[in-house]
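Observations on the model geometry
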Number of protein chains: 2
Amino acid sequence: MNPPFNGSNLKNEAYIEVINKRPFTQVIELLQSAGLRPTRQRMALARILFNEGNRHVAAEDLHRDAKKANIRVSLATVYNTLHQFASAGLLREMVVEPGRAYFDTNLSSHHFFFEDTGNIEDIPDNLISISHLPKIPKGTALNRVDVVLRLRTSEQVKI
Amino acid sequence: MNPPFNGSNLKNEAYIEVINKRPFTQVIELLQSAGLRPTRQRMALARILFNEGNRHVAAEDLHRDAKKANIRVSLATVYNTLHQFASAGLLREMVVEPGRAYFDTNLSSHHFFFEDTGNIEDIPDNLISISHLPKIPKGTALNRVDVVLRLRTSEQVKI
DNA sequence: TTACATGCAAAGCATTTGCAGATAA
DNA sequence: TTATCTGCAAATGCTTTGCATGTAA
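Keep in mind the model is a prediction, meaning the values are calculated, not measured.

Another point: the relation of the copies chain B and chain A. Both copies of the chain are related by one operation, a rotation about an axis with a shift along it. Turning chain B through 179° and shifting it by 0.1 Å along the axis lays it on chain A, with an RMSD of 0.2 Å. In the structure described here, the two chain copies are related by an operation that fits a two-fold rotation axis. Take the interface residues of chain B: 100% of them recur as interface residues in chain A, which is what a same-surface contact looks like.

Attention now moves to the pairing of strand β7 (residues 140-153) of chain B. All names here are of chain B. Taking burial as the measure, the 14 residues of β7 include 12 buried ones, the bulk of the element. Pairing between strand β4 (residues 110-114) and β7: five bridges, direction parallel. Following the sheet pairing, Phe114 is matched in β7 by Leu151.

It is worth spelling out the nonpolar core at this point. Leu49(B), Leu62(B), Val78(B), Leu82(B), Phe85(B), Leu91(B) and Phe103(B) are the most contacted members of the largest nonpolar core, which has 24 residues in total. Looking at this core element by element, the count peaks at six residues for helix α3 (residues 40-50) of chain B. If sequence neighbours within four positions are ignored, Leu91(B) has contacts with Leu49(B), Phe50(B), Leu82(B), Phe85(B), Ala86(B), Phe103(B), Asp104(B), Thr105(B) and Leu107(B). Counting residues in hydrophobic clusters, the runner-up holds 23 residues, among them Leu36(A), Ala46(A), Val78(A) and Ala86(A).

What follows deals with the packing of aromatic side chains. Residue and element names in this part refer to chain A. What the rule picks out here adds up to four aromatic pairs over all chains. A centroid spacing of 6.4 Å and a plane angle of 50° characterise the contact between Phe112 and Phe114, whose relative ring orientation is tilted. By relative accessible area, Phe112 is classed as buried at 6%. Phe114 sits in the buried class, given a relative accessible area of 14%.

Turning our eyes to something else, we now look at empty space enclosed by the protein. Across all of its chains, the model carries one cavity of 30 Å³ or more by this definition. By volume, the largest cavity amounts to about 210 Å³. In this structure, the largest cavity is lined by 20 residues; those nearest its centre are Val95(A), Val148(A), Val95(B), Asp146(B) and Val148(B). Of the residues contributing to the lining of the largest cavity, the split by class is eight nonpolar, four polar and eight charged.

Attention shifts here to the protein's contact with DNA strand D. With respect to spatial proximity, 21 residues lie near DNA strand D, and among them Tyr79(A), Arg100(A), Ala101(A), Thr39(B) and Thr77(B) are the closest. Counting only the atoms of DNA strand D that lie within 4 Å of the protein, the sugar and phosphate share comes to 82%. Note that a phosphate oxygen of DNA strand D is positioned 2.4 Å from one of the side-chain N or O atoms of Tyr79(A). At 3.1 Å from a base oxygen of DNA strand D is found a side-chain nitrogen or oxygen belonging to Arg37(B). For the surface near DNA strand D, the elements supplying multiple residues, two or more each, are α5 (75-87) and β3 (100-104) of chain A together with α3 and α5 (75-87) of chain B.

About the criteria used
- Residues numbered from 1 in each chain as written.
- Chains lettered and ligands numbered in written order.
- Predicted model: local features only at pLDDT ≥ 70, side-chain atom pairs only at ≥ 80, totals over all residues.
- Heavy atoms only, no water.
- Least-squares fit on C-alpha atoms with pLDDT ≥ 70 in both.
- Contact = heavy atoms within 4.5 Å.
- Buried < 20%, exposed > 50% of the residue type's maximum accessible area, 1.4 Å probe, protein only.
- Helix = DSSP H or I, 4+ residues; strand = E, 2+ residues; numbered from the N terminus.
- Pairing = 2+ DSSP bridges.
- Core = buried A, V, L, I, M, F, W, Y, C linked by side-chain atoms within 4.5 Å.
- Phe/Tyr/Trp six-rings, centres within 6.5 Å; stacked < 30°, edge-to-face > 60°.
- 1 Å grid on protein atoms, 1.4 Å probe; cavity = no way out; pocket = protein on both sides within 12 Å on 5 of 7 lines; lining within 4 Å.
- Points joined across faces, edges and corners; volume = space filled by probe spheres on them.
- Nonpolar A, V, L, I, M, F, W, Y, C, P; charged D, E, K, R; others polar.
- Near = heavy atom within 4 Å.
- Polar contact = N/O pair within 3.5 Å; in protein donor to acceptor, adjacent residues only side chain to side chain.

This is the structure we're talking about:
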């Protein structure tokens, strides 16, 4: 199966360059199985997101990375794509700072948050365990548990 | 000790009305012990915040409540005040939704978040316990642990 | 061909800032 | 009196929207 874009179109050179790196069939399958049309932009963004380990990106970051890779996408499309990926379950939206949304390629929901730098780091699920949970209010179901360990550069040692 | 404002000033009627309800000396002491000058606006906002159990407010909410109580404060001052209270340790800033900051009068850091309504509810510290924590990265200290239990109206029962 | 995706610029919010005037100590 | 606080409006920064154009199926 060939990548579904017009390979002879000059405007597509950047996409060719990106998409010709393997694995690209996986990306197409990933999008298709999520019910998303594998457009050039989505494929390119998916490759940036999923091809090198876990990432935590704000829309701005991904947009910058795309530019760096010579991929022309508008910021609005990056936002749309991130939300589409998130509702398809490919990404998890996370909230650690007011005024900025991050998306995590790792679906685990536990994180270090470095307050000084704004950096985020995953905590593998097996490294954290909650032994007691409160009763879940009637009429609701637990969707997920987010744990954020907020860190400061040490000196002031607080609990 | 008298409330430190000009009681004969007509503009201050609303403040008088608010502040004359007890306890106001506590509010003054609270602010002073936090190193904050007990100005009329801060006293009025502190009373709204701390005089009736635990609250989770966005700046907009507090501003609205102040208006309802006939207190004239600008939204900018509400924002400033909330942040001042938070860095003084009187409030805790919390982030559950992108694009909006909440402040919690309860310093406990665990919450239910009702995804459908946006409501927030405290979880008493003793109802949740974390039995394993990962190693804290070198050069940093754990500032706090935030746990958010995200709830949906039940039907789709997920873990 | 047709429904869906994209790009751009404009609009929308929450939040912050700058500065002149007010106020607590 | 002086350092600090407040109010207003403008500025900022992130995110969403509307709509014409482009593209996948």
